[in-house]
Amino acid sequence: MIVRIMGEGQVEISAEDISVLNELDTELEAAIDAGDEQSFRAKLHALLDKVRHVGKALSDDSLEPSELILPPADASIEEVREMLGDQGLIPG
């Protein structure tokens, strides 16, 4: 799966890592629903850090279509809320 982190570029994520990312995505959604800014910020950073850790960076000149687009680390709760689909940021 090809994932783009806005402002950072693309990474390729293996299917085996999606379940872990879904857990973090669920925690992020809960923080958003609660309106908890501190928890939201921590969960967003944890999700993005995990994507960076497990993902294999694609070159800047790669033209692969992104299957998922994740917000930048400095996104607001409202910005991320608007990006959420029925299955969160990361469909499982």
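Here the structure is shown first, and the text comes after it.
A short tour of the structure in this document, coming up. (Residues numbered from 1 in each chain as written. Predicted model: local features only at pLDDT ≥ 70, side-chain atom pairs only at ≥ 80, totals over all residues. Heavy atoms only, no water.)

**Notes on the sheet that holds strand E1 (residues 2-5)**
- Across the sheet, which stays open at both edges, the four strands sit in the order E3-E2-E1-E4 with mixed pairing between neighbours. Of all the strands in the sheet, just strand E3 (56-57) and strand E4 (68-70) have a single pairing partner and so form its edges.
- Here E1 runs beside E4; their pairing, made up of three bridges, is parallel. Its bridge partner lying in E4, Arg-4 is registered against Ile-69. (Pairing = 2+ DSSP bridges. Helix = DSSP H or I, 4+ residues; strand = E, 2+ residues; numbered from the N terminus.)

**Thoughts on the nonpolar core**
- Counting 23 residues, the largest nonpolar core has Leu-28, Phe-40, Leu-47, Val-51, Leu-70, Leu-89 and Ile-90 as its most contacted members.
- Looking at this core, the elements that each hand over two or more residues are E1, helix H1 (18-34), helix H2 (37-54), E4 and helix H3 (77-83). (Core = buried A, V, L, I, M, F, W, Y, C linked by side-chain atoms within 4.5 Å. Buried < 20%, exposed > 50% of the residue type's maximum accessible area, 1.4 Å probe, protein only.)

**Observations concerning the packing of H1 against H2**
- Their axes nearest at 8 Å, the elements H1 and H2 cross at an angle of 160 degrees. Relative to H2, the element H1 is oriented roughly antiparallel. H1 and H2 meet at a crossing whose hand is left-handed. Contacts between H1 and H2 involve Val-20, Leu-21, Leu-24, Asp-25, Glu-27, Leu-28, Ala-31 and Ile-32 from the first element and Ser-39, Phe-40, Lys-43, Leu-44, Ala-46, Leu-47, Lys-50 and Val-51 from the second.
- Considered class by class, the residues forming the contact of H1 with H2 number eleven nonpolar, one polar and four charged. (Axes fitted to C-alpha atoms, helices over the stretch in contact; angles between N-to-C directions. Parallel < 35°, antiparallel > 145°, perpendicular 65-115°, else oblique. Left-handed = near helix turned anticlockwise from the far one by under 90°. Contact = heavy atoms within 4.5 Å. Nonpolar A, V, L, I, M, F, W, Y, C, P; charged D, E, K, R; others polar.)

**Quick word on H1**
- The end-to-end C-alpha distance of H1 is 24 Å, a good match for the 24 Å that 17 residues give at a rise of 1.5 Å each.
- Along H1, the residues classified as buried are Ile-18, Leu-21, Asn-22, Leu-24, Asp-25, Leu-28, Ala-31 and Ile-32.
- Against the buried residues of H1 lie H2 and H3.
- Count one or two residues on from H1 and you reach Gly-35, which has phi positive near 70 degrees. (Expected span 1.5 Å × (residues − 1).)

**With respect to the environment of Ala-42**
- Turning to its location among the elements, Ala-42 is positioned in helix H2.
- Distance in space between the C-alpha atoms of Ala-42 and Leu-84 is 17 Å, their sequence separation being 42 residues.

**Brief notes about the pairing of E1**
- Looking at chain direction, E1 and strand E2 (residues 9-12) are connected through four bridges and run antiparallel. Looking at the pairing, Ile-2 lines up with Glu-12 of E2.

**Quick notes on the side chain of Asp-25**
- Here Asp-25 shows up in helix H1.
- Buried within the structure, Asp-25 lacks any salt-bridge partner; Lys-43 is the closest side chain of opposite charge, at an N-O distance of 12 Å.
- There is a polar contact of 3.0 Å between the side chain of Asp-25 and the backbone nitrogen of Leu-89.
- If sequence neighbours within four positions are ignored, Asp-25 has contacts with Leu-47, Gln-87, Gly-88, Leu-89 and Ile-90. (Lys, Arg positive; Asp, Glu negative; His and termini not counted. Salt bridge = Lys/Arg side-chain N within 4 Å of Asp/Glu carboxyl O. Polar contact = N/O pair within 3.5 Å; in protein donor to acceptor, adjacent residues only side chain to side chain.)

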